[in-house]
Amino acid sequence: MIRFLVVFMLAQAGLFGLEMLQPVQQQLILPWTALLADLSGWFMSLFDSQVLASGKVIRHSSTGFAVSIEPGCNGVEAMIVLLAAIGAFPAPWLYKLKGLLWGFVAIQGLNLLRIMSLFYLGQWSRELFDWAHLYIWQALIMLDALVVFLIWIRYLPTEDSRLDSTKDSDLKEQAA
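Everything in this summary refers to the structure shown in the same document. All residue numbers refer to positions counted from 1 along the written sequence of the respective chain. Per-residue local features of the predicted model are confined to residues with pLDDT of at least 70, and side-chain atom pairs are confined, for both listing and counting, to 80 or more; whole-chain, interface and lining totals are unaffected and use all residues. Only hydrogens and water are removed before side-chain values are computed, so all heavy atoms of the structure are retained for them.

So, the layout of surface pockets
Spelled out, the test is: In this analysis the probe radius is 1.4 Å and the grid spacing 1 Å, with only protein atoms considered; a cavity is a set of points the probe fits into but cannot get out of, a pocket is an open set with protein on both sides within 12 Å along at least five of seven lines, and lining residues have an atom within 4 Å of a point. Grid points are joined across faces, edges and corners, and a volume is the space filled by probe spheres set on the points. Starting at the N terminus, helices and strands are each numbered in turn, a helix being any DSSP run of H or I of at least four residues and a strand any DSSP run of E of at least two. Amino acids are sorted into nonpolar (Ala, Val, Leu, Ile, Met, Phe, Trp, Tyr, Cys and Pro), charged (Asp, Glu, Lys and Arg) and polar (every other residue, Gly among them).
The volume enclosed by the largest pocket comes to roughly 380 Å³. Contributing to the lining of the largest pocket are 14 residues, with Leu-28, Ile-29, Val-76, Met-79 and Ile-80 lying nearest its centre. Mapped by element, the contributors of at least two residues to the lining of the largest pocket are α1 (2–20), α2 (22–45), α3 (76–88) and α4 (93–124). Per-class residue counts for the lining of the largest pocket are 12 nonpolar, one polar and one charged.

Describing the packing of aromatic side chains
We apply this condition: Side-chain rings of Phe, Tyr and Trp, where Trp is taken by its six-membered ring, are said to pair if the distance between their centres is within 6.5 Å; with planes under 30 degrees apart they count as stacked, over 60 as edge-to-face, and otherwise as tilted. Between buried and exposed lies partly exposed: a residue is buried under 20% and exposed over 50% of the maximum accessible area for its type, with that area taken using a 1.4 Å probe on protein chains only.
Scanning the entire structure with this criterion turns up 10 aromatic pairs. Residues Trp-32 and Phe-104 carry aromatic rings whose centres are separated by 5.5 Å and whose planes lie at 50° to one another, so their mutual orientation is tilted. Here Trp-32, found in helix α2, pairs with Phe-104, found in helix α4; they are 72 residues apart in sequence, far enough to count as distant. You can call Trp-32 partly exposed: its relative accessible area is 22%. With centroids separated by 5.7 Å and ring planes inclined at 75°, the aromatic side chains of Phe-89 and Trp-152 adopt a geometry described as edge-to-face. Remark: Trp-152 occurs in helix α5 (residues 126–154) and Phe-89 occurs in the loop between α3 and α4; sequence separation between them is 63 residues. An aromatic cluster of three or more residues is present, and its members are Phe-47, Phe-65, Phe-119, Tyr-120 and Phe-129.

Quick notes on the side chain of Ser-40
Inclusion rule: Two residues form a contact once any of their heavy atoms are found within 4.5 Å.
As for its position among the elements, Ser-40 is in helix α2. Ser-40 sits in the buried class, given a relative accessible area of 0%. Aside from chain neighbours lying at most four places away, what touches Ser-40 is Ile-58, Leu-112, Ile-115 and Met-116.

Side note on the side chain of Lys-96
As for its position among the elements, Lys-96 is in helix α4. What makes Lys-96 buried here is its relative accessible area of 7%. Residues in contact with Lys-96, not counting those within four places in the same chain, are Ile-86, Gly-87, Phe-89, Ala-91 and Trp-152.

Re a nonpolar patch on the surface
As a reminder, the rule being used: Within the patch definition used here, like charges are joined within 9 Å and nonpolar side chains (Val, Leu, Ile, Met, Phe, Trp, Tyr) within 5 Å, considering only residues with over 30% relative accessible area and no salt bridge. Under the convention used here, a 1.4 Å probe and the Shrake-Rupley method define accessible areas, while residue burial counts only the protein chains that appear. Within this document, salt bridges are pairs made up of a side-chain nitrogen of Lys or Arg and a carboxyl oxygen of Asp or Glu, the two lying within 4 Å of each other.
Taken together, the side chains of Trp-131, Leu-134, Tyr-135, Ile-136, Leu-140, Leu-143, Leu-146, Val-147, Leu-150, Ile-151 and Tyr-155 define a hydrophobic patch exposed on the protein surface, amounting to about 1,100 Å² of accessible area. Take Trp-131: it is sitting in helix α5. We classify Trp-131 as partly exposed; its relative accessible area is 48%.

Structural data, given as structure tokens:
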């Protein structure tokens, strides 16, 4: 457990440090953030034709309300926490990759819901927008990363099942 915590903390520190580097921001984080704005705008435009997305800004043409998705609101930090946790946990690499894939889908799917809900909430009440943005959604996105990690741990193969599958494949090879 101590080893996991040390590796987890070091991985987080390294990944968060890497994320802050200007080349990483320019080449990965900002394009990802703009893609999230485009996806959110596209989904909202399916039922609201007055939603426009440009760069990292989503605007409503009739109300003039706009949100700018900034680094820190793009789910990257939650993915860093999940990546550090899954990476630090002793498990087969294939399961780590599967966990990261499903975690990415869960975190970014929830983040799209977050962006869309905040966009409409902000048109209704700036006070509620600020409160939901700073307190509710920040916590829910990180909680999503924790829940994904806990579900991932729950479905990890046990040492016995890994030994059984190795024995099964050895028996198949001997039979052939």
